[in-house]
Amino acid sequence: MIIQKSKVKSQKLKPNAGNIRRIGIFGGTFNPIHNGHLLIAEEARVSLKLDKVIFIPSANPPHKEVSDLVSGRHRLKMAGAAIKNNPFFSVSDIELKRGGRSYSIETIKTLKEIYRKGTKFFFIMGADSILEFMTWKNWEDLLKLCNFAVYPRPGYKINLDVLKSRMKKKLLAKSLVKNIIFFQTRVFDVSSTEVREKIKKGESVKYLVPEGVIGYINKSKLYK
Ligand code: ATP
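The structure displayed is predicted, hence computed values, not measured ones.

Conventions and cut-offs
- Residues numbered from 1 in each chain as written.
- Predicted model: local features only at pLDDT ≥ 70, side-chain atom pairs only at ≥ 80, totals over all residues.
- Heavy atoms only, no water.
- Core = buried A, V, L, I, M, F, W, Y, C linked by side-chain atoms within 4.5 Å.
- Buried < 20%, exposed > 50% of the residue type's maximum accessible area, 1.4 Å probe, protein only.
- Contact = heavy atoms within 4.5 Å.
- Helix = DSSP H or I, 4+ residues; strand = E, 2+ residues; numbered from the N terminus.
- Expected span 1.5 Å × (residues − 1).
- Pairing = 2+ DSSP bridges.
- Right-handed = clockwise from strand over helix to strand, strands pointing away.
- Axes fitted to C-alpha atoms, helices over the stretch in contact; angles between N-to-C directions.
- Parallel < 35°, antiparallel > 145°, perpendicular 65-115°, else oblique.
- Nonpolar A, V, L, I, M, F, W, Y, C, P; charged D, E, K, R; others polar.
- Salt bridge = Lys/Arg side-chain N within 4 Å of Asp/Glu carboxyl O.
- pLDDT = per-residue confidence, 0-100.
- Polar contact = N/O pair within 3.5 Å; in protein donor to acceptor, adjacent residues only side chain to side chain.

Novice: Tell me about the nonpolar core, and please be specific about residues and values.
Specialist: Among the nonpolar cores identified, the biggest contains 36 residues, and Phe26, Ile33, Val53, Phe55, Met78 and Ile124 are the most heavily contacted of them. Contact partners of Ile124, with chain neighbours within four places excluded, come to Gly24, Ile25, Phe26, Ile40, Ala44, Leu50, Val53, Ala149, Tyr151 and Phe183. Among the nonpolar cores identified, the runner-up in size contains 25 residues, and Ile94, Phe123, Phe148 and Leu176 belong to it.

As structure tokens, this is what we get:
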């Protein structure tokens with residue numbers, strides 16, 4: 001299921017705390033993956049001391065309408081090209097293989113089966129997503145199974161206190177609030193929508209998207 005760095009399972013790890021392995025999960029449509037995604041994943045890895053970050057392109061994102069969605073195969077290849085120089089990054093096709101709507105709860109359950117006990121998962125998400133996650137399928141179960149690693153997004157000024165008070169009303173298990181961790185990071189102002197629009201207009205996306213991804217987009221004539 002991991003297409004890049006297939007040594008994931010056999011890899012000798014250097015866990016941080018005792019024997020606990022810390023894995024970041026970064027899901028998205030990645031249509032295409034861009035440097036904003038890569039920067040966040042790297043910042044999360046460093047500040048949360050993650051052993052690795054797995055990028056998981058979604059089949060059909062349940063929470064958003066996407067225009068110009070290219071095939072899962074293309075998005076997977078672009079993600080693979082983007083991460084190839086970072087030994088801490090992998091790409092997984094588990095959501096694409098499962099097909100249908102990509103529910104995070106199903107993804108995390110699958111990952112829990114694949115990885116041994118003692119692995120801690122950190123679901124990396126922007127402050128925009130944390131505000132709506134209570135609408136996600138089985139969101140409370142999801143929060144029991146993993147940690148949420150939340151980073152700021154411009155325009156979404158949410159802090160833990162605000163979130164806590166909102167969640168206290170909703171959460172059955174109040175102790176779950178501790179599973180939500182905020183980390184500070186700079187944010188690179190770019191979106192896949194902007195990248196697609198620029199390509200359509202024939203404008204440069206250099207430095208917004210990794211070179212390997214640009215090469216793949218050109219070769220496959222995507223987003224024209
Ligand atoms: P689109 O423009 O097509 O909506 P996107 O750029 O938001 O796409 P996604 O693949 O939907 O990209 O993003 C995956 C995750 O990355 C989402 O949680 C999204 O909020 C976040 N994200 C997107 N762009 C950035 C960025 N520049 N910096 C930090 N996080 C980002």
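Novice: Tell me about helix α2 (residues 72-83), residues and numbers included.
Specialist: Look at α2: 17 Å from first C-alpha to last across 12 residues, which is about the 16 Å you get at 1.5 Å a residue. Extensive coverage of α2 is indicated by the burial of nine of its 12 residues. Turning to α2, its buried residues are Gly72, His74, Arg75, Leu76, Met78, Ala79, Gly80, Ala82 and Ile83. Those residues of α2 hidden inside the fold are in contact with α1 (35-47), β2 (52-57), β3 (89-91), α3 (94-98) and α9 (211-220).

Novice: I'd love a proper account of the pairing of β2, names of residues and values included.
Specialist: With six of its six residues buried, β2 lies for the most part within the structure. Of the two faces of β2, the one lined by Lys52, Ile54 and Ile56 and the one lined by Val53, Phe55 and Pro57 are each fully buried. Bridge analysis of strand β1 (residues 21-28) against β2 gives six bridges, and the strand direction is parallel. Along β2, the bridge assignment pairs Gly28 with Pro57. Crossover β1 to β2 through α1 is right-handed. With three bridges connecting them, β2 and β3 associate as parallel partners.

Novice: Describe the packing of α2 against α9, listing the residues and the values that go with them.
Specialist: Orientation of α2 relative to α9, taken along the N-to-C sense of each, is 150°, at an axis distance of 8 Å. If you check the angle between α2 and α9, you find them roughly antiparallel. On α9, the residues touching Arg73, His74, Lys77, Met78, Ala81 and Ala82 of α2 are Gly212, Val213, Tyr216, Ile217 and Ser220. Partitioned by chemical class, the residues of the contact of α2 with α9 number six nonpolar, three polar and two charged.

Novice: Can you tell me about the pattern of salt bridges, naming the residues and giving the values?
Specialist: Taken as a whole and assessed by the stated rule, the structure comprises eight salt bridges. For the salt bridge of Asp93 with Lys97, the shortest nitrogen-to-oxygen distance reads 3.5 Å. Its relative accessible area of 8% is what places Asp93 among the buried residues. Where Lys144 meets Asp141, a salt bridge forms, and the shortest distance between an N and an O atom there is 3.8 Å. Here the residue Lys144 and the residue Asp141 both occupy positions in helix α6 (residues 139-145), the gap between them amounting to three residues, near one helical turn. On the accessibility criterion, Asp141 (34% relative accessible area) is partly exposed.

Novice: An account of the confidence of the model for the protein chain is needed here, citing residue identities and associated values.
Specialist: For the protein chain, per-residue confidence averages 85 on the pLDDT scale, and 83% of positions sit at 70 or higher. Here helix α7 (residues 160-170) stands out as the least confident element of the protein chain, with mean pLDDT 69; α9 is the most confident, with 98. Low pLDDT (under 50) marks residues 3-17, which in the prediction has 32 contacts with non-local residues, meaning those over four places away or in another chain.

Novice: Let's hear about unusual backbone geometry: which residues, and what values?
Specialist: With an omega of 0°, the peptide bond running from Asn31 to Pro32 counts as cis. Note on placement: Pro32 falls in the loop between β1 and α1. In this structure, Phe30 is a non-glycine residue whose phi angle is positive, near 50°. Positionally, Phe30 belongs in the loop between β1 and α1.

Novice: Any chance you could break down the environment of His34 for me, citing the residues and the numbers?
Specialist: Looking at the element boundaries, His34 is found in the loop between β1 and α1. By relative accessible area, His34 is classed as buried at 4%. Residues His34 and Tyr207, spaced 173 residues apart in sequence, show a C-alpha to C-alpha distance of 9.0 Å. If we ignore the near neighbours within four places in the chain, the residues touching His34 are Val190, Ser191, Ser192, Val195, Leu208, Val209 and Pro210. From its side chain, His34 meets the backbone nitrogen of Gly36 in a polar contact 3.0 Å long.

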